[in-house]
Amino acid sequence: MRAFRRVPEGLACGLDDWERELLARLALEVRALLQADAPEGAGQSETSSPSRPGESERDREVLEALDFDLDPPTNHVHPGRPSTDPVIAVLLPQASEDPITSMEVSSLTRARLRGDKIDRLARLAAELRAPSGPEGTVLVAPGQESDWLGASNDIRLVLAQRLGIESAQDAESVHAAAFEEAPEEETSREQWYRGTALVYDMVTWWQESLVSALFGGTGPA
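Reference entry: report on the structure contained in this document. (Residues numbered from 1 in each chain as written. Predicted model: local features only at pLDDT ≥ 70, side-chain atom pairs only at ≥ 80, totals over all residues. Heavy atoms only, no water.)

1. Brief notes about the overall build of the chain
Logical step 1: Regarding its fold elements, the chain presents seven helices and three strands.
Logical step 2: Sequence-ordered secondary structure for the chain, helices as α and strands as β, is β-β-α-α-α-α-β-α-α-α.
Logical step 3: Burial status across the chain gives 43% buried among its 221 residues.
Logical step 4: Sequence-distant contacts in the chain: of pairs separated by 6 or more residues, those separated by 24 or more amount to 71%.
Logical step 5: For the chain, the exposed area adds up to about 11900 Å²; of that, 51% sits on carbon and sulfur atoms. (Helix = DSSP H or I, 4+ residues; strand = E, 2+ residues; numbered from the N terminus. Buried < 20%, exposed > 50% of the residue type's maximum accessible area, 1.4 Å probe, protein only. Contact = heavy atoms within 4.5 Å. Areas by Shrake-Rupley, 256 points an atom, 1.4 Å probe, with all protein chains shown as cover.)

Dropping the structure here:
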């Protein structure tokens, strides 16, 4: 994974094929979570579909080969999942602590916010799977920076919620876990946590490189 850099067409980033596919998968999984929260008939995917939204059969096979799951082994994600998932409160926070005010504001804004998030995650995934930048790089065209920052942040928020990150100390613990050597004996839950910590670290670095390039920096360390 290479940091974003300025090019005549916008901001470009070089990624290996597996990195692009992993990031695209994450975007589509978060998109599926948001679609599952939508009211019935609001455009969410069919619950009986074996693939995530926007995926072909070949895409599904590639993603399965990556052996990565957004959720821990005891809490799998699938389209049509009940909207009680706590991550929805992170992606679509309440507008007010007052329940009546929150309900009134949400009725006006929640559907639009959900739709905007779904659309930008889909666009991010599309660019990752078919890069349009020079020499096969992933391109953030001028004017799309906020969409990319928002979509990548939604991915980070979901990973952080799954990992239980609620403080800077939690984030440091996750960063340390990402680079720990695998023990000789490891439960599926421990393996998931270590792998997800590594992915969270990767997405965080990627997002920071975009912010740095946007504001004229040289990229994160």
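What follows picks up the thread again.
2. Points about the sheet that holds strand 3 (residues 138–140)
Logical step 1: A sheet is described by the order of its strands in space; here three strands give the open sequence 1-2-3, paired in antiparallel fashion. Edge positions in the sheet fall to strand 1 (5–7) and strand 3, since each of these pairs with one other strand and no more. Strand-to-strand twist of the sheet, defined as the mean angle between neighbouring strand axes without regard to direction, takes the value 40°.
Logical step 2: Here helix 7 (residues 188–214) sits on the sheet and contacts strand 1, strand 2 (10–13) and strand 3; the angle it forms with strand 2, its principal contact strand, is near 150°. (Pairing = 2+ DSSP bridges. Axes fitted to C-alpha atoms, helices over the stretch in contact; angles between N-to-C directions.)

3. Section: the packing of aromatic side chains
Logical step 1: For the coordinates displayed, the defined rule picks out two aromatic pairs.
Logical step 2: Relative to tryptophan 206, the ring of phenylalanine 4 lies with its centre 5.7 Å away and its plane at 35°, an arrangement referred to as tilted. Residue phenylalanine 4 is found in the segment before strand 1, and its partner tryptophan 206 is found in helix 7; the two are separated by 202 residues along the sequence.
Logical step 3: Overall, the relative accessible area of 5% leaves phenylalanine 4 in the buried class.
Logical step 4: Ring pairing ties together the aromatic residues Phe4, Trp148 and Trp206, which thus form one cluster. (Phe/Tyr/Trp six-rings, centres within 6.5 Å; stacked < 30°, edge-to-face > 60°.)

4. Observations concerning the nonpolar core
Logical step 1: In terms of nonpolar packing, the biggest core is built from 45 residues, with Phe4, Leu26 and Trp206 touching the most fellow members.
Logical step 2: Among all residues touching tryptophan 206, those that are not within four sequence positions of it are Met1, Phe4, Cys13, Leu15, Leu23, Leu124, Leu128, Trp148 and Ser152. (Core = buried A, V, L, I, M, F, W, Y, C linked by side-chain atoms within 4.5 Å.)

5. Section: the pattern of salt bridges
Side-chain pairs of opposite charge can arise whenever the charged atoms involved come near each other.
Logical step 1: Across all of its chains, the model carries eight salt bridges by this definition.
Logical step 2: For aspartate 16, the salt bridge is made with arginine 2, and the minimal N-O distance between the two is 3.4 Å. With a gap of 14 residues between them, aspartate 16 in the loop between strand 2 and helix 1 (17–37) and arginine 2 in the segment before strand 1 connect regions that are remote in the sequence.
Logical step 3: Judged by its relative accessible area of 33%, aspartate 16 is partly exposed.
Logical step 4: Looking at arginine 2, the relative accessible area reads 42%, which means it is partly exposed.
Logical step 5: Through salt bridges with shared partners, one network takes in Lys117, Arg120 and Asp154. (Salt bridge = Lys/Arg side-chain N within 4 Å of Asp/Glu carboxyl O.)

6. Some points on the pairing of strand 2
Logical step 1: Alignment of strand 1 against strand 2, held across three bridges, turns out to be antiparallel. Looking at the pairing, arginine 6 lines up with leucine 11 of strand 2.
Logical step 2: Counting the residues between successive antiparallel strands, the hairpin from strand 1 to strand 2 contains two residues.
Logical step 3: In the sheet, strand 2 pairs with strand 3 via three bridges, with the strands oriented antiparallel. Of the residues in strand 3, the one forming a bridge with leucine 11 is valine 140.

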